[in-house]
Amino acid sequence: MQKMKLKIEENILLSNFSTFGIGGPAKFFTRVKSVDEAQAALAYASENTIPFLILGSGSNILFNDDGFNGLVILNKINHCQFFKNEVLVGSGCPIASLGLNCIKRELAGLEFTPFIPGSVGGAIYMNASANNLKISDVISEVEYLTKEGEKIIFKSSEMDFSYRYSSFQKMNGFITSAKFLLSWDKNVLDKYEDIKKFRLSTQPQKQKSAGCVFKNPMPSLSAGYLIDSCGLKGFTIGDATVSSVHANFILNKGNASCKDVVALINHIKNCVKQKTGIELELEISIIGLL
Ligand code: EPU
């Protein structure tokens, strides 16, 4: 078999690949558009004994100011095929485009996703949810590569999902594509319009952030509510500030560093712990040592 040629770049700034707009350079960086390329990238990391990180839309991640001392594999596997009410989609596809595409076809199940900035792979990894709908309700199959490059198909009964959790978080491979099973619904556009109205009025728009920073400690207890009740909306460290619209969003006002955001995270955790006794847990991943 002929070896796949990969373009490996060096010292690529990760701030350009994170919705926070924060992060130092990746020592090595490659974009993959197919499963073959993904396998080649995993092999490159293994042959050179360097750590690797699979990056989708960079919307739930905070990169360290010093960057990542390994290979960042940017997932651009972006195919999409509908078969009646089923869709097979590459994991690098933005979940928002998939959601809008489904709505256009009067297919229900992903109408909560058009405002989620992540990729399909990221949404599966985190079991993205909003407005009482979640990814795990509509997933029927996931194609996955182990870090050794072996292909595995997981059926829905072979995957575990719960709030902001999937069994993929315990594995160290690459989600390459997924099948979703949707249902026909003539009212899906109206449902989406309601979700849109809610989202636009309760969450900040078009600002540099990673969405909600902390998990909700209980289904009926919002981390945003707890942070808000500590009077922290607008609280700022450096260029990182607590959104005045939704207190569980930290915004990068311009040139925030990872250090600014981490200092703000720690301040929020301390205030909430002192006031309520609750230990907030991060939803976002922080990459690299601080
Ligand atoms: N609230 C406040 N102040 C705030 C924010 C919220 O008092 O600053 C109150 C609201 O008024 C409401 C309650 O808290 O009574 C719940 O707020 P909201 O409906 O906005 O939901 P949430 O629990 O704060 C979760 C998800 C969001 C998702 C929304 C909508 C988490 C951590 N967050 O937020 O997900 O979009 O529900 O379903 O589970 C994300 O994960 O990045 C994210 C944005």
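In short, a report on the structure. None of the values given here were measured: they were computed from a predicted structure.

Time to look at the nonpolar core. By size, the foremost hydrophobic cluster in this structure holds 29 residues, and its most contacted members are Leu-98, Leu-110, Ile-124, Ile-135 and Phe-180. Going through the elements one at a time, β7 (86–90), α2 (95–104), α3 (120–125), β11 (139–145) and β15 (174–181) are the ones with two or more residues in this core. Those residues in contact with Leu-110, other than ones at most four positions away along the chain, are Leu-98, Gly-99, Cys-102, Ile-135, Val-138, Phe-180 and Leu-182. Ile-22, Ile-265, Ile-278 and Leu-280 belong to the second largest nonpolar core, which has 27 residues in total.

Given a rise of 1.5 Å per residue, 15 residues ought to cover 21 Å, and the 21 Å separating the end C-alpha atoms of helix α4 (residues 188–202) matches this to within 8%. Turning to α4, its buried residues are Val-188, Tyr-192, Ile-195 and Arg-199. All buried residues of α4 project into a common sector of 65° when viewed along the axis, lining one side. α4 presents Lys-197 and Ser-201 as exposed residues on the side facing more than 90 degrees away from its buried surface. Next to the buried residues of α4 lie α2, β8 (107–108), β9 (129–130) and β10 (133–134).

Strand order in the open sheet formed by four strands is β1-β2-β5-β3, with mixed pairing between adjacent strands. Only two strands of the sheet have a single neighbouring strand rather than two, namely β1 (9–13) and β3 (52–55). On average, adjacent strands in this sheet sit at an angle of 40° to one another, irrespective of strand direction. Direction of pairing for strand β2 (residues 25–32) relative to strand β5 (residues 68–75): parallel, over a ladder of six bridges. Paired with Val-32 across the two strands is Asn-75, which belongs to β5. Packing against the sheet, helix α1 (residues 35–47) makes contact with β2, β3 and β5, and its axis sits at approximately 150° to β2.

To continue, consider the state of the cysteines. As enumerated under the stated definition, the model contains zero disulfides in all. Here Cys-230 is not disulfide-linked; the sulfur of Cys-271 is the nearest cysteine sulfur, at 5.7 Å.

Here we come to the packing of aromatic side chains. Within the structure shown, the criterion is met by six aromatic pairs. Plain terms: the ring middles of Phe-17 and Phe-29 are 4.8 Å apart, the flat faces sit at 40° to each other, and that makes the pair tilted. On the criterion of sequence distance, the pair formed by Phe-17 in the loop between β1 and β2 and Phe-29 in strand β2 is long-range, its members being 12 residues apart. For the pair Phe-17 and Phe-29, one class covers both residues: buried. Both rings, one in Tyr-144 and one in Phe-154, keep their centres 5.7 Å apart while their planes meet at 75°; by these two values the pair is edge-to-face. A residue pair is termed long-range when its members are at least 10 positions apart, and Tyr-144 in strand β11 and Phe-154 in strand β12 (residues 151–155) qualify at 10 residues. Three or more aromatic residues link up through ring pairs in this structure, and these residues are Tyr-144, Phe-154 and Phe-168.

Within the open sheet, the five strands sit side by side as β6-β7-β15-β11-β12. Their pairing is antiparallel. The sheet is open, and its two borders are formed by β6 (80–83) and β12, each paired with just one other strand. Within the sheet, the average angular offset between the axes of one strand and its neighbour, ignoring direction, is 15°. Where β7 and β15 come together, five bridges link them in antiparallel fashion. Bridged to Gly-90 within β15 is Ser-177. Across the sheet, α1 lies against β11, β12 and β15, angled at about 45° from β11, the strand it touches most.

Here we take up the site of the ligand. As a structural note, the neighbourhood of the ligand is formed by 21 residues, with Asn-131, Tyr-163, Arg-164, Asn-216 and Asp-228 the closest of them. In the environment of the ligand, an oxygen atom lies 2.8 Å from a nitrogen or oxygen atom belonging to the side chain of Asn-216. Glu-283 has a polar side-chain atom sitting 3.0 Å from an oxygen atom of the ligand. Relative to its free-state accessible area of 820 Å², the ligand is covered by the protein chains to the extent of 72%. At the level of elements, α4, β17 (208–212) and α5 (223–229) are the ones that each hand at least two residues to the shell around the ligand.

Calculation criteria
- All residue numbers here refer to positions counted from 1 along the written sequence of the relevant chain.
- In view of the model being predicted, local features appear only for residues whose pLDDT reaches at least 70, and side-chain atom pairs are presented and counted only at 80 or more, with totals across whole chains, interfaces and linings using the full set of residues.
- Hydrogens and water are ignored here; the side-chain numbers use all heavy atoms of the structure.
- By nonpolar core is meant a set of buried Ala, Val, Leu, Ile, Met, Phe, Trp, Tyr and Cys residues that side-chain atoms within 4.5 Å join together.
- Relative accessible area decides the class of each residue, using a 1.4 Å probe on protein chains only: under 20% of the type maximum gives buried, over 50% gives exposed, and in between gives partly exposed.
- For helices the rule is a DSSP run of H or I covering at least 4 residues; for strands it is a run of E covering at least 2, with both sets numbered from the N terminus onward.
- Residue contacts follow a heavy-atom distance rule, with two residues in contact if any of their heavy atoms lie within 4.5 Å.
- A helix is expected to reach a length of 1.5 Å times the quantity of its residues less one.
- The reported arc concerns the directions from the helix axis to the C-beta atoms and nothing else.
- Pairs of strands are assigned from DSSP output, requiring at least two bridges between the strands.
- Only the contacting stretch of a helix is used when fitting its axis, a line to C-alpha atoms as for every element, and angles between N-to-C directions run 0 to 180 degrees.
- Two cysteine sulfurs form a disulfide in these notes if their separation is within 2.5 Å.
- The pairing test for Phe, Tyr and Trp rings, Trp by its six-membered ring, is centres within 6.5 Å, and the orientation test on the planes gives stacked under 30 degrees, edge-to-face over 60, and tilted for anything in between.
- The nearness test applies per residue and asks whether one of its heavy atoms lies within 4 Å of the molecule or strand.
- Within 3.5 Å is the distance limit for a polar contact, defined as a pair of N or O atoms, with the added protein rule that one can donate a hydrogen and the other accept it, and that residues adjacent in sequence qualify only through two side-chain atoms.
- All accessible-area figures derive from a Shrake-Rupley calculation using a 1.4 Å probe, and residue coverage is judged against the displayed protein chains alone.

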